[in-house]
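# Working through the structure, step by step
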Amino acid sequence: TACSSKYVLSQMHPMWHGPLEVPGGDHQSPIDIAVKKAVFDSELKPLESSYDPQTCQQIWNNGYSFLVEYDDTTDKNTLKGGPLQDKYRLCQFHFHWGESNDWGSEHTVDRRLFPAELHLVHWNSDRYTLFEEAVMEENGLAVIGIFLKVGKRHEGLQKLVDALPAIRHKDSVVEFTRFDPASLFPSNIDDYWTYHGSLTTPPLTESVTWIVMKQHIEVSHDQLAVFRSLLFTSAEEEVQKSMVNNFRVQQPLRGRAVRSSFT
Ligand SMILES: CN(C)c1nnc([C@H](N)S(N)(=O)=O)s1
Ligand SMILES: [Zn+2]
């Protein structure tokens, strides 16, 4: 689907860590979420997701992360409610992680880093007909962020982990079907923080309503180790580089309010 081929691919360089700034960009992501400074908003509704596992198409290594892509040509995978005024369509999900379990997430909570973070990327299909349009517009995208902690094995994740050796190198892709993204949700998705920010990789456009879950999910040490067995580099390159630390550093809040759906 367009949502990940054109934008995430070409401008991604594995060692890219900023400081590539959007000129004048003051709504950049990720950020540190200072829990005590978050403002409870009773108007925030529960999130409503409806995903069809049959529309899962492929999993591939784009040279910066690995993406699980869905058919986003119809409204079969939708997200609405929460802070969202419109209906959004899932196009892909991916992860960010560290070389050790001590860091790897993009967002932090009271400066606390998690070993990894899952992003489910959606675009506003009420207002736009193509992902490419939505990615440039305010309220064009909605990304759900879910923290990963190392603990017990995540049964839902294992099918994905088993597919990773087949996409070790940049630009490798394999068919991946019948995967329910909601299997990666924590039990409680009603408690979240939300703020207006940006994509965390080029084009860094400030078009994202971020919805960061308070509750993390647990994955095993071995499952996370398989993430780290991926490579930034393509099969042809002489020097192979492990795909680790593919996160952006936290950006200034610049006066933005972070709202919480819980007290
Ligand atoms: C254009 N798309 C789908 C994306 N562009 N950047 C993405 C980043 N990986 S993130 N972390 O979702 O902002 S996802
Ligand atoms: Zn991401």
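Please refer to the structure placed before this passage.
In this report, we go over the structure that sits alongside the text. Fair warning: this is a prediction, and the values are worked out from it, not measured in the lab.

### Re the packing of aromatic side chains
Applying the stated criterion across every chain, the model contains twelve aromatic pairs. For the pair Phe 66 and Phe 227, a centre-to-centre distance of 5.2 Å together with 80° between the ring planes defines the contact as edge-to-face. Remark: Phe 227 occurs in helix H4 (residues 221-227) and Phe 66 occurs in strand S5 (residues 66-70); sequence separation between them is 161 residues. Taking relative accessible area as the criterion, Phe 66 reaches 0% and is therefore assigned buried. Assessed through its relative accessible area of 0%, Phe 227 is described here as buried. With a centroid separation of 5.8 Å and an interplanar angle of 40°, the aromatic rings of Phe 93 and Phe 179 are classed as tilted. Placement of Phe 93 in strand S7 (residues 88-97) and of Phe 179 in the loop between strand S11 (173-175) and strand S12 (192-197) is noted, with a sequence separation of 86 residues between them. Residues Phe 93 and Phe 179 agree in their burial class; the two are buried.

### A few points about the pattern of salt bridges
Proximity of charged atoms lets side chains of opposite charge pair with each other. Within this structure, the stated rule accounts for eight salt bridges. A salt bridge links Asp 32 to Arg 111, with the nearest nitrogen and oxygen atoms 3.8 Å apart. Note that Asp 32 is positioned in strand S1 (residues 32-33) and Arg 111 in the loop between strand S8 (108-109) and strand S9 (116-124), a separation of 79 residues in sequence. Asp 32 sits in the buried class, given a relative accessible area of 16%.

### Thoughts on the coordination of the zinc ion (ligand 2)
Coordination angles at a metal have ideal targets, namely 109.5 degrees for four tetrahedral donors and 90 or 180 degrees for six octahedral donors. All of the protein donors around the zinc ion (ligand 2) are His 94 (NE2), His 96 (NE2) and His 119 (ND1); their distances to the metal are 2.0 to 2.1 Å. Viewed at the metal, the four donor atoms of the zinc ion (ligand 2) are separated by angles of 98 to 121°, and the geometry they form is tetrahedral. In terms of primary sequence, the donors binding the zinc ion (ligand 2) are separated according to H-x1-H-x22-H. Of this pair, His 94 sits in strand S7 while His 119 sits in strand S9; the two residues are 25 residues apart in sequence, bridging distant segments of the chain. Judged on exposure class, the residue His 94 and its partner His 119 are both buried.

### Focus: the pairing of S9
S9 sits mainly inside the fold: nine of its nine residues count as buried. Side chains of S9 alternate between two faces, with Ala 116, Leu 118, Leu 120, His 122 and Asn 124 and Glu 117, His 119, Val 121 and Trp 123 buried alike. Bridge analysis of S7 against S9 gives nine bridges, and the strand direction is antiparallel. Paired with His 96 across the strands is Glu 117, a residue of S9. Taken together, the eight bridges between S9 and strand S10 (residues 141-150) define a ladder with antiparallel strand orientation. The partner of Val 121 across the bridge, within S10, is Val 143.

### A few points about the nonpolar core
Of all hydrophobic cores here, the largest spans 45 residues; its most connected members are Phe 66, Phe 93, Phe 95, Ile 144, Leu 160 and Phe 227. When residues in this core are grouped by element, the largest group, five residues, is from S7. Judged by nonpolar contacts, the second largest core, of 23 residues, contains Leu 141, Trp 193, Val 212 and Phe 262.

Calculation notes
Residues numbered from 1 in each chain as written. Chains lettered and ligands numbered in written order. Predicted model: local features only at pLDDT ≥ 70, side-chain atom pairs only at ≥ 80, totals over all residues. Heavy atoms only, no water. Phe/Tyr/Trp six-rings, centres within 6.5 Å; stacked < 30°, edge-to-face > 60°. Helix = DSSP H or I, 4+ residues; strand = E, 2+ residues; numbered from the N terminus. Buried < 20%, exposed > 50% of the residue type's maximum accessible area, 1.4 Å probe, protein only. Salt bridge = Lys/Arg side-chain N within 4 Å of Asp/Glu carboxyl O. Donors = N, O, S within 2.8 Å, 3.2 Å for Na, K, Ca; no water. Tetrahedral: all angles 85-135°; square planar, octahedral: opposite > 155°, others 65-115°. Pairing = 2+ DSSP bridges. Core = buried A, V, L, I, M, F, W, Y, C linked by side-chain atoms within 4.5 Å.

What is shown is where atoms sit, not what they do.
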